[in-house]
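# Remarks on the overall topology
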Amino acid sequence: MSDQAIVEKLKAKFSTEIIDVVEFRGETTVTVKKEQIVDICTFMRDDCGYNFLCDLCGVDYLGQVPRFMVVYNLYNIPAKQRFRIKAPVEEGVKIDTVSTVWGTANWHERECWDLMGIEFNNHPDMRRILMPADWEGHPLRKDYPVQGPDREPYQGRLS
Amino acid sequence: MGVEQPKTLGSGFITTSLDKLVNWSRASSMWPLTFGLACCAIEMMATGAARFDLDRMGILFRASPRQADVIIIAGTVTKKMVPVIKTVYEQMPEPRYVIAMGACASSGGIFDTYSTVQGVDEFLPVDVYIPGCPPRPEGLLYGLMKLQDKIRAERNTFGAAIGVGDVIHNEV
Ligand code: SF4
């Protein structure tokens, strides 16, 4: 199945959910609304053959509304095809977990929450995964000070 | 009244000779803990292997902190690693020494970030700092020899070993 055919199938089934379709250098990216993300992902897995979630990550577009974007990089192992789905999320709003669709999303969503502060509904085990358990804040956010909140930011060399 | 002298066994010929014996044995068998944290550990392994051969100096890597005298902090220390390093250090029997190997362990190095400790001396008493990113094996060897000098310059080690007074650390 070509990417175009998948986009057509998605458009036919989730016509109101799709915000944008971009194709760039043979990579297709579909931006969807976050409300039905679990249904869309289940559809991608069961009807389009994307049986592997390569990566789930967050992007911080500081200053824009909605601020965050959750990116799902899918892979169809038998057909060796890739596909990308994005879902915008406002700050402080939760998106549903897709760990019921692909089990591997469990840790990816923990990482996404740990470093970006994007929260996931119904996640089975929402704990920090990389930072120490008692850490405060989400360090990969664009407005997090790179040297940590407890230190003076670097002002250049004094000498 | 005067400046109070630290309690020692004195500095007679016999006690200083016994100190020398203790210092000689300590400096000749510094057993480091096998404990690598990042890229510097590769250079530490190279120093231990055939070409540079730490064994000829009586430096054998031990896999347990209970058997180790020296901990070489070889690599980047993240804040998440601090409790582990502290635990391992506390498990080592005294006397124990700390070598901060490389820029990261000495000062945080290039990782001037929220997740990295800016030098292990924030929570461990460091005896020798070795600069470099990573230090060459010669650098680590030199650092170890500096630590040997420091051990040889200690006084009242015999007295402290039998429970009289504390070890006096002298400048090298
Ligand atoms: S000092 Fe350099 S070589 Fe050593 S751990 Fe740090 S970055 Fe790696």
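Everything in this summary refers to the structure shown in the same document. (Residues numbered from 1 in each chain as written. Chains lettered and ligands numbered in written order. Predicted model: local features only at pLDDT ≥ 70, side-chain atom pairs only at ≥ 80, totals over all residues. Heavy atoms only, no water.)

Turning our attention to the pairing of strand 1 (residues 18–24) of chain A. Both faces of the sheet carry side chains from a regular strand, because those side chains alternate between them. Residues and elements named next belong to chain A. Relative to strand 2 (residues 27–32), strand 1 runs antiparallel, the two being bridged by six bridges. Bridge pairing links Phe-24 to Glu-27 in strand 2. Taking the residues between adjacent antiparallel strands as the criterion, strand 1 and strand 2 are bridged by two residues, where Arg-25 takes a positive phi near 50 degrees. (Pairing = 2+ DSSP bridges. Helix = DSSP H or I, 4+ residues; strand = E, 2+ residues; numbered from the N terminus.)

The next point concerns the site of the ligand. Looking at the ligand, the residues that line it are Ala38(B), Cys39(B), Cys40(B), Gly75(B), Thr76(B), Gly102(B), Ala103(B), Cys104(B), Phe111(B), Gly132(B), Cys133(B) and Pro134(B). Of the residues that constitute the shell around the ligand, the class distribution is eight nonpolar, four polar and no charged. (Near = heavy atom within 4 Å. Nonpolar A, V, L, I, M, F, W, Y, C, P; charged D, E, K, R; others polar.)

The figure often quoted for interface size is the accessible area lost as the parts come together. Taken together, the contact pairs 14 residues of chain A with six residues of chain B. Counting each side, the surface lost to burial between chain A and chain B is near 800 Å², with a carbon and sulfur contribution of 56%. Considering only the side of chain A, the residues that lose the most area to chain B are Trp135(A), Val146(A) and Arg151(A), jointly responsible for 41% of the buried surface there. Linking chain A to chain B there are one salt bridge. Arg151(A) serves as the salt-bridge partner of Asp112(B), at 2.7 Å between the closest nitrogen and oxygen. Counting every contact that joins chain A to chain B gives four residue pairs in polar contact (both at pLDDT 80 or more). (Contact = heavy atoms within 4.5 Å. Buried area = accessible area lost by both parts, 1.4 Å probe. Salt bridge = Lys/Arg side-chain N within 4 Å of Asp/Glu carboxyl O. Polar contact = N/O pair within 3.5 Å; in protein donor to acceptor, adjacent residues only side chain to side chain.)

Residue and element names in this part refer to chain B. As a packed pair, helix 2 (residues 40–48) and helix 5 (residues 137–152) sit with axes 9 Å apart at the nearest point and diverge in direction by 75 degrees. Viewed along their axes, helix 2 and helix 5 adopt a mutual orientation that is roughly perpendicular. Seen from helix 2, the contacting residues are Glu-43, Met-44, Ala-46 and Thr-47; seen from helix 5, they are Pro-137, Leu-140 and Leu-141. When its residues are assigned to classes, the contact of helix 2 with helix 5 shows five nonpolar, one polar and one charged. (Axes fitted to C-alpha atoms, helices over the stretch in contact; angles between N-to-C directions. Parallel < 35°, antiparallel > 145°, perpendicular 65-115°, else oblique.)

Now for the packing of helix 1 (residues 3–13) of chain A against helix 2 (residues 37–48) of chain A. All names here are of chain A. It is the contact of helix 1 with helix 2, at a shortest axis distance of 12 Å, that shows an interaxial angle of 130 degrees. Between helix 1 and helix 2, the interaxial angle falls into the category oblique. In this structure, helix 1 crosses over helix 2, and the sense of that crossing is right-handed. Residue-level contacts link Ile-6, Lys-9, Leu-10 and Lys-13 of helix 1 to Ile-40, Phe-43, Met-44, Asp-47 and Cys-48 of helix 2. (Left-handed = near helix turned anticlockwise from the far one by under 90°.)

Residue and element names in this part refer to chain A. One can find Val-70 in strand 4 (residues 68–76). Val-70 sits in the buried class, given a relative accessible area of 0%. For Val-70 and Thr-31, which are 39 residues apart along the polypeptide, the C-alpha to C-alpha distance reads 9.8 Å. Not counting the four nearest positions on each side in its chain, Val-70 is found in contact with Leu-56, Cys-57, Ile-85, Lys-86, Ala-87, Val-89, Ile-95 and Ile-118. (Buried < 20%, exposed > 50% of the residue type's maximum accessible area, 1.4 Å probe, protein only.)

With that out of the way, let us pick up the packing of aromatic side chains. Here the distance between the centres and the angle between the planes together describe a pair of aromatic rings. The final tally for this structure, using the stated rule, is four aromatic pairs over all chains. Each ring, one from Tyr144(A) and one from Tyr114(B), has its centre 5.5 Å from the other, and the planes form 80 degrees; the classification is edge-to-face. Placement of Tyr144(A) in the segment after strand 7 (120–121) and of Tyr114(B) in the loop between helix 4 (102–107) and strand 4 (128–130) is noted, with the two residues assigned to different chains. One exposure class covers both Tyr144(A) and Tyr114(B), and it is buried. Chaining the aromatic ring pairs together yields one cluster made of Trp135(A), Tyr144(A) and Tyr114(B). Seen from the ring of Trp31(B), Arg62(B) lies directly overhead, with NZ or CZ sitting 4.8 Å from the centre. (Phe/Tyr/Trp six-rings, centres within 6.5 Å; stacked < 30°, edge-to-face > 60°. Lys NZ or Arg CZ within 6 Å of the ring centre and 35° of its normal.)

All we've got here are geometric facts, nothing functional implied.
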